[in-house]
Every structure is written in C-alpha cells, then in structure tokens.
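Structural features, examined
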Amino acid sequence: MSNKQEGQNFLQGTAILAMATALVKIMGAVYKIPLNAIIGEQGFGYFNTAYEIYNVLLMISTAGLPVAMSRMISQANSLENYNQVRRIYAAARSIFLTFGIVGSVLMTAFCRQLARFQNQPDAWAAIGFLGPCVLLICIISTFRGFFQGQGNMVPTSVSQVIEAVVKLVVGMGSAVLLLRSTGSVSLAAGGAILGVTASCLISVVYLFIVFRKHFQRLPRSKDKPWSYQETVKALLLIAIPITLGSACLQIITALASKIYMGRLLASGISQRSADTMRGIHVMTQTIFNMPCAFITPITVSIIPAITAQLTTGDHADARKTEESAARITGLIAIPCAIGLAVLARPITALLGRFSGAGLDLAEKLMFVLAVAIAFNAIVMVTTAIMQAHGHAGRPVTNMLIGGVLNLIAVYVLTGNPDINILGTPIGILVCYVSISILNLFSLRTLIDEPPAVARNLLRPFLSAALMGLGVTVCYKGLMALGVDSRLVLCALPVVVGVAIYAVAAVRLRAITRSDCLLLPKGQRIADFLKL
C-alpha cells in the first residue's frame, strides 16, 4: 500500500467513524436527556453507577486487545502475511471470550454488593441488567479489532449506529414500562440499562455476518504463522500496558465517585440530596463526553496507519500522519472546550432541564469540565501515537500519576463545604492537565523525530479564541435584550460561533491544503477554501 493510500485510509477512516459518532451522539442525547426527565436525577444516578462499574470491567476486558489486534493485523497486512492475520484473530477471540465470561459473571452475581460499595444500594438492578453486556462487548471488540487492523472502519461505524437505535427504542420503552408498572425508580433505571444489553446483542449478529464474508475473502499466502502461544504472548505484551492505563482511569473514576459520595454524606448532606447532586454531575459529564467521543475515531484510525508506515520504513510519512492527527484533534476539541465553557449555563439549562440551584451547580460543573476537554483530547492523541510506536508502558505510568492527583484533589476539595461536589470536575481537570504535560514530554524522549503536537495546536486555539469572543458577545447581547428561550440562547450563539470559527480557521491556516487533499473531494474543498 502506498504512502498516499495510508494517509487516505487514516483520514477517510476518521471521517467515517466521526459521522457514525455524530449519529450515535445525537441518538444518545435523544436517549439520555428524556431518560433523565423520566427517571429523575436520582434514577439517572443509579443508571450511571451501573455504567461506571461496567466501564471498569469493560476496560479490563477490551481496552488493550482491540489496539493490539489492529497493530498486529496492520503489520501482517503490510507484509502480506495473511496466515498470520488469521492466527491473530483466533488467538484474540479466545482471550476476549475468557475475559468476557468472567466479567459478566462478576457483574451479574455480585450486583448488590457492587451497588453497596458505591454507596448507592438501590442501583443493584441497573448493575445486574448490564452484566451480560460485558461478554457481548468482548465479542464485538474481536470483530472491530479485525476490521480496524485492515483500515476498514465501515463495519464498526454501522454497528455503532445499530446499537444506538436499539438502545433508544428498547431502553426508553423498558424504563417507561417498568416505572409505570412498579413505580420503582431503581427498576426503571434497570430497564433503561436493558436497552444497552439488547443493542449489543443485535450488534454481535450484524458484525458476525459481515466478518464471515470478509474473513473468507482473505488471500491465501505461504507465510508460516507464529504459534498460538507466541501470538497470545505478543497480543498480551501490547494489550496489558494499554489495558492497565485505561482500567486505571476507570477504576480511579469509580473510586472518585465513592470518595465524593462518602465525603458529601459525611458532611451532613442527605442521601437523597447527594444522589441528586451526583445526577447533575453525571449529566454534565455526559455533555463533556460528547466532544471527546469525536477524538476516538482519530486515535482508532492513526494506530494502524502509523504502524503500517513504520513497518515499511516510512518514518517521515508517519510523522506527517501524527501531526495531521494533532491538528484535526485541535480543530475539534479546542472550539468545543471554549464553546462549552462560554455557554455552560444555557447548554446545561437546555439539555439537562435544570433550573434554580440545580442550574447554578450545573453551570459551575460544566465550566470546569469544558476546560478539561482540550487536555483530554491531547492525552488521547499523544497516547495513541506512543502506542503506535510500540511504547505502551509510558502512558500507563503517566495515567497513574494523573489518576492519583485526581483522587487527592477530589478528597481534599469535596470535603470543603464551600466546594463540595465541584471538587470532582476540578480533580478531573488536574488529572488531564498533568497527563498532557507528561505525555508531551514523553514523546520528546521516546521518539527520535517526535511530532510537533503543541505547535500544531496553536492555530486551532487562536481560531477558537476568536470564536469564543464572538459567542460571548452574542450571548450577552441576547441576555441584555431579555431573551429567555433556552433554545435561542444556545442555538444562535452556536451558529455565530461556527461561522466565526470557520472563517478564522481558514484565514489562520489552522487546516492545511495537504489535510484537505487526503479527504474525499479534497481538491475541491481546498480550492473552495483557497488553501
């Protein structure tokens, strides 16, 4: 495969996954926002307690193996070692199934104990209903790792959309049905979780059908594959450090939740009030996760692309791919961070339907989390670059350091009655800022010709700063005119911000002609933008 084709695979794969992510996030908002209204902040807190425990088991099961699969399959494809591709898939499948079965049994059998551990005993139903999903996600990850290693992002994208649709229909319907029939918020939250499990089951069926066709079409080759034991060992050597890093953050998130709930209750706040505050925090974190999700397609796409370029000795092209990824990351994450910070109040009022004291708290939480978005994006893209170069251990160390600082900040700040739950997003910000600094330093020490990440983020930042100024003026003007429509207070400043940012990004050359040329119809886009 030529260097140009590798670049095309990277950006086109990113574009495909980004479009799927956009659809999934829209449907996710359609799912979670009404769900919050149906089961309330308390029920939404139960829903997310289950998700936090599930995410820990999920990261242990799937965080590193898909990356390891995509790296190793990309290497084998570059060398046309298709027998090795088959061996990698078979070995990974066995590992995934083992982790999936263990994770599902643990979550289902010990749902009540896990709920009590999180200081939310009524969340047991949501945790139990989500248990089988661990196994299903492990099976899904096996298929996605295979496709991503070949640079084919379409099956992953389609399966994500299928999951979102099924989750919306089944989850919402189950939540409403159980709430009306039992009156139990706890069971209603469990019903909402049931939609997630159903969506994963349908996704497994779709991916299996597509995978079977692609697997049968793999060319015959004469290469002698590694032994099964050697392949498993190679997969685990890559996967374990990545898994430790990802699981570390998830475990720290769960521990932070336990810490701040415990500190709030110890300070004299009632269980109901603490659950409500947690629900508001979780809702703002859901908004925080939306722009971060658009960075994942970049990290998923660049790992096999950079790996293939390094395998064939194209180090200069690998550096170009890395810098292009950094620019695109900045173009997405930085305006989202500044926009959410400026419009924290109207956005949380519209999406969370908060008012009064709840809205005041949501605004403060959202502002801090908005700032953290940019640093989280830097962590994601720099971690992916190090993983593509085979340095999977350093990001783990950096994440552990950031996670410990997060827990310290949460413990100290949430115990202060004047700060209480606001200390949680501050801890998240401290975590991502510290990891970003450590990752940027690590790139300079681990890679002979490191990508200029910070330099490629400067112009997107300047463009986003101009946008933020325009959005602020628009929002303040609407408030001065007495506009009280939540939709108008959000939509009009966003439209103004998009227009300003588009012009500023082009004028300041935040996006380059070479970036455009790697996109579908890139020549026309570059000519239209006069790049």
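Residues numbered from 1 in each chain as written. Predicted model: local features only at pLDDT ≥ 70, side-chain atom pairs only at ≥ 80, totals over all residues. Heavy atoms only, no water.

With that out of the way, let us pick up the environment of I435. For I435, the position within the fold is in helix α16 (residues 423–446). Between the C-alpha atom of I435 and that of M399, which follows or precedes it by 36 residues, the distance is 6.0 Å. If we ignore the near neighbours within four places in the chain, the residues touching I435 are L249, V379, N398, M399 and G402. (Helix = DSSP H or I, 4+ residues; strand = E, 2+ residues; numbered from the N terminus. Contact = heavy atoms within 4.5 Å.)

Attention now moves to helix α13 (residues 344–352). Taken together, the buried positions of α13 are occupied by A344, P346, I347, T348, A349 and G352. Phi turns positive one or two residues past the end of α13, at R353, with a value near 55 degrees. (Buried < 20%, exposed > 50% of the residue type's maximum accessible area, 1.4 Å probe, protein only.)

Let us look at the packing of aromatic side chains. Where two aromatic rings form a pair, the distance of their centres and the angle of their planes describe that pair. Scanning the entire structure with this criterion turns up nine aromatic pairs. Arranged with centres 5.4 Å apart and planes meeting at 50 degrees, the rings of Y89 and F215 form a pair that is tilted. In this pair, Y89 sits in helix α3 (residues 82–109) while F215 sits in helix α8 (residues 185–216), placing the two residues 126 residues apart along the sequence. Taken together, a centroid distance of 5.5 Å and an interplanar angle of 70 degrees make the contact between F146 and F147 edge-to-face. Each residue in the set Y89, F143, F146, F147, F208, F211 and F215 is aromatic and connected to the rest through ring pairs, giving one cluster. The lysine or arginine in question, K258, covers the ring of F117, its NZ or CZ lying 4.7 Å from the ring centre. Positioned over the ring face of Y411 is R263, at 3.9 Å from the centre of the ring. (Phe/Tyr/Trp six-rings, centres within 6.5 Å; stacked < 30°, edge-to-face > 60°. Lys NZ or Arg CZ within 6 Å of the ring centre and 35° of its normal.)

Our focus in this paragraph is the packing of helix α12 (residues 315–342) against helix α14 (residues 356–388). Close contact between α12 and α14 brings their axes to 8 Å; oriented N to C, the two are set at 170 degrees. Judged on the interaxial angle alone, α14 and α12 are roughly antiparallel. Residues E322, A325, A326, T329, A333, A337, L340 and A341 of α12 pack against M366, F367, A370, I373, A374, A377, V381 and I385 of α14. A breakdown of the residues in the contact of α12 with α14 according to their chemical character gives 14 nonpolar, one polar and one charged. (Axes fitted to C-alpha atoms, helices over the stretch in contact; angles between N-to-C directions. Parallel < 35°, antiparallel > 145°, perpendicular 65-115°, else oblique. Nonpolar A, V, L, I, M, F, W, Y, C, P; charged D, E, K, R; others polar.)

To continue, consider unusual backbone geometry. Of note in this structure, E80 is not a glycine but carries a positive phi near 60 degrees. Take E80: it is sitting in the loop between α2 (65–78) and α3. The exposure class assigned to E80 is exposed, which follows from its relative accessible area of 52%. The residue R353 is not glycine, and still its phi comes out positive at about 55 degrees.

A few words on the side chain of E322. Tracing the backbone shows E322 in helix α12. Buried E322, no salt bridge; nearest opposite-charge side chain is R319, N-O distance 6.0 Å. Residues in contact with E322, not counting those within four places in the same chain, are I306, I385, H389 and P451. (Lys, Arg positive; Asp, Glu negative; His and termini not counted. Salt bridge = Lys/Arg side-chain N within 4 Å of Asp/Glu carboxyl O.)

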